[in-house]
Number of protein chains: 2
Amino acid sequence: MIVALAGGVGGAKMAQGLQAALPPGALTTVVNTADDFELYGLRICPDLDTVMYTLAGIADPVHGWGVAGDTRNTLDAIGRYGADPWFLLGDQDFATHILRTERLRAGRTLSAVTGELASALGVPGPIVPMTDDRVATLIDTPAGRLEFQEYFVARRQSDDVLGVVFDGMDAARAHPEALAAIRAAEAIVIAPSNPIVSVGPILATPGMRAALDEADAPIVAVSPIVGGRALKGPAAQMLATLGHDVSALGVARLYADLVAGIVIDVVDDDLMAAIEQVGLRVLVTETVMGGGQDRRRLASEVLDFARSLAAQPVAM
Amino acid sequence: MIVALAGGVGGAKMAQGLQAALPPGALTTVVNTADDFELYGLRICPDLDTVMYTLAGIADPVHGWGVAGDTRNTLDAIGRYGADPWFLLGDQDFATHILRTERLRAGRTLSAVTGELASALGVPGPIVPMTDDRVATLIDTPAGRLEFQEYFVARRQSDDVLGVVFDGMDAARAHPEALAAIRAAEAIVIAPSNPIVSVGPILATPGMRAALDEADAPIVAVSPIVGGRALKGPAAQMLATLGHDVSALGVARLYADLVAGIVIDVVDDDLMAAIEQVGLRVLVTETVMGGGQDRRRLASEVLDFARSLAAQPVAM
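Residues numbered from 1 in each chain as written. Chains lettered and ligands numbered in written order. Predicted model: local features only at pLDDT ≥ 70, side-chain atom pairs only at ≥ 80, totals over all residues. Heavy atoms only, no water.

## Thoughts on the overall build of chain A
1) Next: From N to C terminus, chain A includes 13 helices and 14 strands.
2) Next: A compact globule built from 316 residues would reach a C-alpha radius of gyration of about 20 Å, and chain A, at 19 Å, matches this within 12%.
3) Next: Put simply, chain A has 316 residues, and 58% of those count as buried.
4) Next: Within chain A, residue pairs in contact and separated by at least 24 positions form 68% of the contacts whose partners lie at least 6 positions apart.
5) Next: As presented, chain A carries roughly 11800 Å² of accessible surface, and 50% of it is formed by carbon and sulfur atoms.
6) Next: Looking at charge distribution, chain A has the averaged site of its 23 positive side-chain charges lying 3 Å from that of its 38 negative ones. (Helix = DSSP H or I, 4+ residues; strand = E, 2+ residues; numbered from the N terminus. Rg over C-alpha atoms; globule rule 2.2 N^0.38 Å. Buried < 20%, exposed > 50% of the residue type's maximum accessible area, 1.4 Å probe, protein only. Contact = heavy atoms within 4.5 Å. Areas by Shrake-Rupley, 256 points an atom, 1.4 Å probe, with all protein chains shown as cover. Lys, Arg positive; Asp, Glu negative; His and termini not counted. Charge placed at Lys NZ, Arg CZ, Asp CG, Glu CD.)

## Notes on helix H4 (residues 91-105) of chain B
All names here are of chain B.
1) Next: Its 15 residues place the ends of H4 21 Å apart at the C-alpha level, agreeing with the 21 Å of an ideal helix rising 1.5 Å per residue.
2) Next: Counting buried residues along H4, 13 of its 15 residues qualify, which places the element largely inside the surrounding structure.
3) Next: The positive-phi residue at the C-terminal boundary of H4 is Gly107, with phi of around 100°. (Expected span 1.5 Å × (residues − 1).)

## Description of the side chain of A:Ser223
Residue and element names in this part refer to chain A.
1) Next: Position of Ser223 relative to the elements: it lies in the loop between strand E10 (219-222) and strand E11 (225-226).
2) Next: The exposure class of Ser223 is buried, given its relative accessible area of 2%.
3) Next: Here the side chain of Ser223 touches Ile225 through a polar contact of 2.8 Å, landing on its backbone oxygen.
4) Next: Setting aside chain neighbours within four positions, we find Ser223 in contact with Pro192, Ala248, Val251, Ile262, Val263 and Ile264. (Polar contact = N/O pair within 3.5 Å; in protein donor to acceptor, adjacent residues only side chain to side chain.)

## Focus: the interface of chain A and chain B
1) Next: Contact with chain A, which involves 27 residues of that partner, is made by 27 residues of chain B.
2) Next: Buried area between chain A and chain B, both sides added, is near 2400 Å², and the carbon and sulfur share of it is 65%.
3) Next: Its largest share of buried area at the contact with chain B, chain A owes to A:Arg80, A:Tyr81 and A:Ile98, together 31% of the area lost on that side.
4) Next: Taken together, the connections running from chain A to chain B amount to 0 salt bridges. (Buried area = accessible area lost by both parts, 1.4 Å probe. Salt bridge = Lys/Arg side-chain N within 4 Å of Asp/Glu carboxyl O.)

## Description of the sheet that holds strand E5 (residues 127-129) of chain B
Residue and element names in this part refer to chain B.
1) Next: A sheet is described by the order of its strands in space; here 7 strands give the open sequence E5-E2-E1-E9-E10-E13-E14, paired in parallel fashion. Of all the strands in the sheet, just E5 and strand E14 (281-285) have a single pairing partner and so form its edges. Neighbouring strand axes in the sheet, compared pairwise and without regard to direction, differ in orientation by 20° on average.
2) Next: In this structure, strand E1 (residues 2-6) lies alongside strand E9 (residues 187-190), joined through 4 bridges in parallel fashion. Directly across from Val3, in E9, lies its bridge partner Ile188. (Pairing = 2+ DSSP bridges. Axes fitted to C-alpha atoms, helices over the stretch in contact; angles between N-to-C directions.)

## What about the relation of the copies chain A and chain B?
1) Next: Its rotation angle being 180°, the transformation that places chain A on chain B also includes 0.0 Å of axial translation and leaves an RMSD of 0.0 Å. Expressed as an axis order, the relation between the two copies is that of a two-fold axis. Taking C-alpha positions as reference, the residue of chain A nearest the rotation axis is A:Asp91, located at 3.3 Å.
2) Next: Of all interface residues in chain A, 100% are interface residues in chain B too; the two copies therefore contact each other through one and the same surface. (Least-squares fit on C-alpha atoms with pLDDT ≥ 70 in both.)

## Describing the confidence of the model for chain A
1) Next: Predicted confidence across chain A gives a mean pLDDT of 95, with 98% of residues reaching 70 or more.
2) Next: Scored as a complex, the prediction yields pTM 0.94 and ipTM 0.92. (pLDDT = per-residue confidence, 0-100.)

## Quick notes on the nonpolar core
1) Next: By size, the foremost hydrophobic cluster in this structure holds 121 residues, and its most contacted members are A:Met14, A:Tyr40, B:Met14 and B:Tyr40.
2) Next: With residues near it in sequence (within four places) discarded, B:Tyr40 still touches A:Ile98, A:Leu99, A:Glu102, B:Leu75, B:Ile78, B:Ala83, B:Asp84, B:Pro85, B:Trp86, B:Leu89 and B:Phe94. (Core = buried A, V, L, I, M, F, W, Y, C linked by side-chain atoms within 4.5 Å.)

## Here's the deal with the pairing of E9(B)
Residues and elements named next belong to chain B.
1) Next: A two-sided burial pattern is seen for E9, the buried positions comprising Ala187 and Val189 on one face and Ile188 and Ile190 on the other.
2) Next: In this sheet, strand E10 (residues 219-222) lies alongside E9 in parallel orientation, the contact comprising 3 bridges. Bridge pairing in E10 links Val189 to Val220.

## Some points on empty space enclosed by the protein
Residues and elements named next belong to chain B.
1) Next: Enumeration over the complete set of coordinates arrives at 2 cavities of 30 Å³ or more.
2) Next: Of the residues that constitute the lining of the largest cavity, the class distribution is 6 nonpolar, 4 polar and 4 charged.
3) Next: Taken together, Thr33, Asp36, Arg43, Leu110, Asp132, Asp133, Arg134 and Val135 form the lining of the second largest cavity.
4) Next: Residues belonging to the lining of the second largest cavity are distributed by class as follows: 2 nonpolar, 1 polar and 5 charged. (1 Å grid on protein atoms, 1.4 Å probe; cavity = no way out; pocket = protein on both sides within 12 Å on 5 of 7 lines; lining within 4 Å. Points joined across faces, edges and corners; volume = space filled by probe spheres on them. Nonpolar A, V, L, I, M, F, W, Y, C, P; charged D, E, K, R; others polar.)

## Thoughts on the pairing of E10(B)
Residue and element names in this part refer to chain B.
1) Next: Every second residue of E10 is oriented toward a common face, with Ile219 and Ala221 on one face and Val220 and Val222 on the other, all of them buried.
2) Next: Where E10 meets strand E13 (residues 261-265), 3 bridges bridge the pair, whose relative direction is parallel. Residue pairing for E13: Ala221 is matched across the bridge by Ile262.

As structure tokens, then:
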């Protein structure tokens, strides 16, 4: 059993590679839900859906989010009614949000609903929300405190990030299925997702960090920063304004007391020695994932790396 | 000011003709809401939407319901998740249901939401739900009591109708805007909608019948039965199993104590004398509405007929 901790597009690609490299059902993907929000009365869970669509093989190959070949007729009609169609939702995507919202309102948990939807799409292993409780990432900027999707989508990540708050986190509890998967895992992979707003909330969910710290399995992270830039999204600017090094070394430092090893890209080869100085083993390989072959190859290397760390524990 | 009482497709066509024949805003359409139901957690109002789409000029010209050229990608995706896509909803149509449901859940009334949506689509006159309260038509059949859409759509009107119940009607109140429009009307037109399950609930809404009886304006009905058959839907079988004559005469008898006149089709010319015997004036004309020209022509004739009845009250 392998556990991946994942945010959106980068996390989904990593999870897809792991799914392809493992026997069916052997991967449990624990997903950030702090980006979730309500729109038009529907519960939108961007990371859960990106992971689900990707693991189901129906994700849009260009954007990485949404369903391949989806249309926007519902959203266009919403615009015709005068509502602002600022968040791009496809017609097939709306089906996900409609059914999820219906079932949540009927009293089901997010994890139960996610399991049903993912099963119907043929995803072989569990996709587990980090928590069934509501948590909301808020972004402090010079323009004030913003809801995450306002910062991320509506304002196109143009604000400096001065701080990040996970509203509701104190009252949240890590999902028991996530904790059980972590305890039973052979290896745990932190996907190349944004360390601050994608992996950050997962690690901050009460109960999660203790389970990870107590896990027998080696934990490895894949750096989302390659050559000093984020593969996708605002991770680079966010790390910078929050005072972190915008590099694989900066990521290594963020995860240093949690992981045994980190996977960095060949272009960051020169950071290897410095990362080893913070106590982590390093795998240097091609980490920029294109299609399925790439993802599977990286996943196999990451798994081999993790297994090698289990065999030879790092002295820390 | 003119008031139309309308169900779905037939009512919408009549209302569109009246709208075309009248100055902008002069038509108030009072619509049946007893067919409304919840599907996938969304409030669906089939008759309100058919009237709204038709008056906005965007209704599907073939079916009469739904939006012209609409796609079904959301519904297909709902089917992929294993939910039964038994009720045909288009992608643009989903926008209506999503926004309506959001606003109703926020505490808005159905009439307020309908007004907003219809305005956004450019409908010039008020579309008023018969009530803001929830009423549900239930159909008694040999197979038991069925919800209306189960009888109407899922089971394709194949059950004999032994009785009709408007659940919740006792507690409902006719919409004040409908009552005010009826009081102020120059003429009131009962559209060629199903007398039992479309016009029936409107007339049964507490407060509605009294307002109609006290109205100064002449009330005229357009027969939905032409040549012994319903133009659309199950009105004929329903009238038959409920013991009514399946003819324009049967319709005239149903409305005899409410209307001053009835409009029947030229093919029913031979029923004119019998209908006059029940005390109604009769206009014989082409009542089968095709496109917009037809609808406007019929509407003009219906309005002239109603005005003639106002000038020469029928002795009853």
